[in-house]
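What follows is the residue order along each chain.
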Amino acid sequence: MGVRAEPSGSESDVAPGPNDYVIRVFDHPADIPAAAWNALLAHEADPSPFVRLEYLCALHESGCATADTGWQPGFVTLWRAGSLQAACPLYIKQHSYGEYVFDWSWANAYEQHGLRYYPKGLVAVPFTPVPGARLLAADGAARAALVQALLQRTQDQGLSSLHLLFLQDQDVRACATAGLMLRHTVQFHWHNRAPGTPTADEDGAETRFRDFEHFLGSLQQDKRKKIRQERRKVTDAGVVFRHAQGAAITESDWDFFYRCYERTYLEHGNAPYLSRDTFARLSRTLPEHWLLFIAERDGHPMASSLIGIDAERGVAYGRYWGALERVDCLHFEACYYQPLQWCIAHGFRRFEGGAQGEHKMARALLPVRTTSAHWLAHPAFADAVERFLEREGSGVDHYLRELERRSPLKPPNEAPAPLPHNRA
């Protein structure tokens, strides 16, 4: 299986081999039929809005994820009898920014030995460390064929390596079967799951929290106290919140959010990854997938947080935040407590807090393992990285065990927490 190089902006076709697939590579995501791509995504066990073609197109068409920014798209698709059977977002990367699975030390090692690490191949959603489907496929055979097509393209283009980030379980198994090395990292997610209540059905509707106080009752006493204190500091500072969802988010709301988002990056000495145009496109093409919280004081907006939502699956994703004024604990309120309260009220089953951030655990976002897959063309470096990943994996296992011992949840046999006299 191979891919014939074609001029920029065109498709590449390969005559069907024994697997009867035709491989086409697109250097502009908008050239791919969106309905076919999104249908494959909907078929996956762990889809997310960030892998919808509209999201990837917004990143490309706003100029944020293009060859000029070091993200050269070459989306790989497999077809049979004119029907899309498998697809993934492949980028040729000239750096490792915006990935959240860090391989800078690998690049440095290549450079020290006089070798080029860049360009490399990357299957990921730019600037979006949300785990889920990456290898979209109609069935297991198509998924396996897609992995082989990616490896072949990596070799044909003389890339140093191939990396697939934040994979769902089916993708992990396909990559492992193909001989790719696995790497594990840790994120922190919250689950709307009340302990000690019966489960009525496979969705577990009866196990969900009734309200925020019911959720707090599932935590250890010191964690409950800390959260109430943090929320009270924000309230005592005169800060109130409003939220808007989907088409109800106005143009001025988006403008204010972007001021906050941009400020966060500039305060850390960096330009933001995403432009105002990116969010304008996302608000038009995927309006139903956004929830915006805006903090106000004395009638004036002063902070905001943007949440991605998948109402069909009941999953919310913490994405971006920023503030124009400083208030103690405002970040926790905007990024965790307001979204969790909203998730409980709307019956959402999970809130994903994004990359890193052990502090999230004190807010009942618990550790989960995330997995990426890697292939390096250079045999000696592949061997060295494999040994490194074995050591790193043992460290991640130890870290997860330590985090489990520090769980903020009450032990199962602990009595229910009394309600406070003054609720936060």
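Since the model is a prediction, treat every value here as computed from it, not as a measurement. (Residues numbered from 1 in each chain as written. Predicted model: local features only at pLDDT ≥ 70, side-chain atom pairs only at ≥ 80, totals over all residues. Heavy atoms only, no water.)

**Q** What exactly am I supposed to notice about the pattern of salt bridges here?
**A** It is possible for side chains of opposite charge to pair when their charged atoms get near one another. Across all of its chains, the model carries 29 salt bridges by this definition. Ionic pairing is found between Glu251 and Arg276, a salt bridge with its closest N-O pair at 3.4 Å. Placement of Glu251 in helix H8 (residues 251–267) and of Arg276 in helix H9 (residues 276–285) is noted, with a sequence separation of 25 residues between them. Judged by its relative accessible area of 52%, Glu251 falls in the exposed class. The partner of Arg369 in a salt bridge is Asp397, and the shortest N-O contact between them spans 2.9 Å. Linking Arg369 in strand S15 (residues 366–376) with Asp397 in helix H11 (residues 379–405), this pair joins segments that are 28 residues apart in sequence. When salt bridges with common partners are traced through the structure, they connect Lys93, Glu99, Asp103 and Lys120 into a single cluster. (Salt bridge = Lys/Arg side-chain N within 4 Å of Asp/Glu carboxyl O. Helix = DSSP H or I, 4+ residues; strand = E, 2+ residues; numbered from the N terminus. Buried < 20%, exposed > 50% of the residue type's maximum accessible area, 1.4 Å probe, protein only.)

**Q** When you look at the nonpolar core in this model, what are you seeing that I'm missing?
**A** Within soluble globular proteins, side chains that are nonpolar tend to cluster in buried spots. Core analysis: the biggest nonpolar cluster contains 52 residues, and Trp37, Tyr55, Phe279 and Trp290 have the highest contact counts within it. Of all the elements, H8 adds the most residues to this core, at 7 residues. Discounting residues that sit within four places of it in the chain, Tyr55 has contacts with Pro49, Phe50, Val125, Thr128, Leu282, Leu286, Trp290 and Tyr320. (Core = buried A, V, L, I, M, F, W, Y, C linked by side-chain atoms within 4.5 Å. Contact = heavy atoms within 4.5 Å.)

**Q** What is the right way to read unusual backbone geometry from this model?
**A** Generally, phi is negative for residues other than glycine and the peptide bonds are trans, each holding for most cases. Each neighbour pair has its own omega, and for Tyr118 with Pro119 the value is 5°, a cis peptide bond. Take Pro119: it is sitting in the loop between helix H3 (104–112) and strand S6 (120–123). In the Ramachandran plot, Ala81 falls in the positive-phi region, its phi being about 50° despite a non-glycine side chain. Checked against the element boundaries, Ala81 lands in the loop between strand S3 (75–80) and strand S4 (83–88). Notably, Tyr100 is not glycine yet its phi reads approximately 75°, a positive angle. Looking at where Tyr100 falls in the secondary structure, it is placed in the loop between strand S5 (90–93) and H3.

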